[in-house]
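# An overview of the molecular structure
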Amino acid sequence: MSVSLENIAGEIIARAGDTRRFLVAIAGPPGAGKSTLAENVAKALQTKGESAEVLPMDGFHMDNAVLIEKGLLKRKGVPESFDVRAFLDIVKAVRAADQEVLVPVFDRSRELAIASARIVSPDHRFIVIEGNYLLFSQGKWAELEGVFDYSIMLAPPMEVLEERLWARWRGYDLDEEAAGAKVYGNDLPNGRLILENRRPADVTIDAVQD
């Protein structure tokens, strides 16, 4: 299923009614285009006169030093490689809409999270939260059930994900062996895990039209 950005923004506003704080979840496997969609949805909402901010789940990656200690560095991106408790706490604080909340942002070029890098203000009506495991049905991630007001699962075909992931890692100047290890040893297995263990979304799409 493919939908337009205009329709997504319109549906979100319609569902929000006069709600003071409305949480939108954009979930999906690595390479699905979650970050791009989240930023575009926020801009579309702003174009319609609404206030919106993006909260990326990737900012809650554990630091590489911690992942090395846990033996998870080569599997960075699996559910247990995130600080889920901190993420849950931040989402709850954002849901309350009663104070400014500083959230971390992930710098993929340096493979690290930057603390307190973005402000979620009480004045932001729409918070677009994006990440792999927002609709994941296992472990502590399942505690997110019922938290979001509207959810989108972005699930392109696996061959599209594969192509995008190759482009991603080549774009960071990895050689073919290192890029292939990222794609086939980590990202695509994580993607299948996400797609096979997801809670229902309000809408599932494979592409967004301009």
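Here's a quick rundown of the structure. Bear in mind the structure is a predicted one, so any value in this text is a computation, not a measurement.

Summed over the entire model, instances satisfying the criterion amount to 9 aromatic pairs. Considering the side-chain rings of Trp169 and Tyr172, the 6.0 Å spacing of their centres and the 50° angle between planes classify their relative orientation as tilted. Of the residues examined, Tyr172 reaches a relative accessible area of 36% and is grouped as partly exposed. Linked through ring pairs, Phe60, Phe82, Phe87, Tyr133, Phe136 and Trp141 together constitute an aromatic cluster.

Below, the discussion takes up the sheet that holds strand β8 (residues 203-205). Overall, parallel pairing links the 5 strands, which are arranged β3-β6-β2-β7-β8 in an open sheet. This sheet does not close on itself; its edge strands, each paired only once, are β3 (52-56) and β8. On average, each strand axis in the sheet is tilted by 20° relative to the strand beside it, whichever way the strands run. Across 3 bridges, strand β7 (residues 150-154) lies against β8 in parallel orientation. Looking at the pairing, Ile152 lines up with Val203 of β8. Along the sheet, helix α2 (residues 34-47) contacts β2 (22-27), β3, β6 (126-131), β7 and β8; its crossing angle with β6, the most-contacted strand, is approximately 170°.

With that settled, consider helix α1 (residues 5-16). Between its terminal C-alpha atoms α1 stretches 17 Å, which fits the 16 Å expected from 12 residues at 1.5 Å a residue. Taken together, the buried positions of α1 are occupied by Ile8, Ala9, Ile12 and Ala16. With its buried residues spanning 95° around the axis, α1 presents them on a single face. Exposed positions of α1 whose direction lies more than 90 degrees from the buried face are Glu6, Asn7 and Ala14. Phi turns positive, to about 55°, at Gly17, one or two residues after α1.

What counts and what doesn't
Residues numbered from 1 in each chain as written. Predicted model: local features only at pLDDT ≥ 70, side-chain atom pairs only at ≥ 80, totals over all residues. Heavy atoms only, no water. Phe/Tyr/Trp six-rings, centres within 6.5 Å; stacked < 30°, edge-to-face > 60°. Buried < 20%, exposed > 50% of the residue type's maximum accessible area, 1.4 Å probe, protein only. Pairing = 2+ DSSP bridges. Helix = DSSP H or I, 4+ residues; strand = E, 2+ residues; numbered from the N terminus. Axes fitted to C-alpha atoms, helices over the stretch in contact; angles between N-to-C directions. Contact = heavy atoms within 4.5 Å. Expected span 1.5 Å × (residues − 1). Arc of directions from axis to C-beta.

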